[in-house]
Every structure is written in C-alpha cells, then in structure tokens.
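# A closer look at the structure
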Amino acid sequence: MMAGVMETEEQARNRFQTELEFVQCLANPNYLNFLAQRGYLREKHFVNYLKYLLYWKEPEYAKFLKYPHCLHMLELLQYEHFRKELVNAQCAKFIDEQQLLHWQHYSRKRTRLQQALAEQQQHQQPQQQPAHGNAASK
C-alpha cells in the first residue's frame, strides 16, 4: 500500500491471501533454492519484503498457516549467511531431508502419545456393568 492511499476491502483481502500463500511457500527449501539461484535473496527490496512478512509470526496471523514450518524459514531468511547458502542445491537438499526426518519423528511421536492417552482414558473410565432388573419400576 502506498502512503496516503487507502486500499479497498477487496484489495486488503487479496493482499492477505497473496502474502499467506507466499509465506507458506517459504517452507519449501527447493523454492528457496530457486529464489537464491535467481538472485532474489540478494535484492534489498526483496530482503525488506521478507522482513515485513515477519508479522505472520503474530498469533492472529499465524493461525491461518497450514505449514507453520514456514515461519522458521522466514526467520532464517533474515540472516544474510543463510540466504547466501541457499544458492547451493546441497544446502536445500539437506534442509529438505531434515524436514522429512522431523515430520516422520513428529508423526510417530504424536501417534504414540495419542495411543497412550487413549489407553489411559480406558483405564480411568469406571467399568460400567449392566444393571440387573429395571430400577425405574421399583
């Protein structure tokens, strides 16, 4: 938005959606490698845009993210050294592998925790046995 010019509700909605989609793309290390190889991560305007996008870390915006890992990548993109390393395809591959390992571990750990919780809830429930006779008719 330019200074002194108010954006319409539709323009604000479009900007929100565009920025939401872009921020989530940052979770993809191959996309980051693409941006780095084409020089975007060296451009001052683009780096400033990445800094502006940090507002997505606020809870009222972060709740819309499907891929919260993008926030970690957005944070790392604030560092010049990280941006420079992304030119290397091996760096992007390493990040991609680490994400996969994290998700696999998280998925297995979450499944185990859910199973343990379900078992705990089963043991805590009083064993209800069917009543003999009709208590209401007495």
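What comes next is a walk through the structure. This is a predicted model, so every value here is computed, not measured.

Attention now moves to helix 2 (residues 29–37). Structural remark: α-helix, 3.6 residues per turn; residues separated by three or four positions point the same way. Along helix 2, the residues that are buried comprise Pro29, Leu32, Asn33, Leu35 and Ala36. The arc enclosing the buried residues of helix 2, seen along the axis, measures out at 160°, which places them on a common side. The N-cap residue of helix 2 is Asn28: its side-chain oxygen and the backbone nitrogen of Asn30 are 2.8 Å apart. Looking at the residues trailing helix 2, positive phi occurs at Gly39, about 85°.

Okay, the packing of helix 1 (residues 9–25) against helix 3 (residues 44–52) next. It is the contact of helix 1 with helix 3, at a shortest axis distance of 12 Å, that shows an interaxial angle of 100°. With respect to their mutual orientation, helix 1 and helix 3 come out roughly perpendicular. Of helix 3, the residues touching helix 1 (which contributes Arg15, Glu19 and Phe22) are Phe46, Tyr49, Leu50 and Tyr52.

What follows covers the packing of aromatic side chains. For the structure on display, the rule yields 12 aromatic pairs. Their ring planes at 40° and their centres at 5.2 Å tell us that Phe16 and Trp56 sit as a pair that is tilted. With Phe16 in helix 1 and Trp56 in the loop between helix 3 and helix 4 (59–62), this residue pair connects regions lying 40 residues apart in the sequence. On the basis of an interplanar angle of 70° and a centroid distance of 5.7 Å, the ring pair of Trp56 and Tyr61 is categorised as edge-to-face. Judged by relative accessible area, which is 30%, Tyr61 ranks as partly exposed.

Reading the values: rules and limits
Residues numbered from 1 in each chain as written. Predicted model: local features only at pLDDT ≥ 70, side-chain atom pairs only at ≥ 80, totals over all residues. Heavy atoms only, no water. Buried < 20%, exposed > 50% of the residue type's maximum accessible area, 1.4 Å probe, protein only. Helix = DSSP H or I, 4+ residues; strand = E, 2+ residues; numbered from the N terminus. Arc of directions from axis to C-beta. Polar contact = N/O pair within 3.5 Å; in protein donor to acceptor, adjacent residues only side chain to side chain. Axes fitted to C-alpha atoms, helices over the stretch in contact; angles between N-to-C directions. Parallel < 35°, antiparallel > 145°, perpendicular 65-115°, else oblique. Contact = heavy atoms within 4.5 Å. Phe/Tyr/Trp six-rings, centres within 6.5 Å; stacked < 30°, edge-to-face > 60°.

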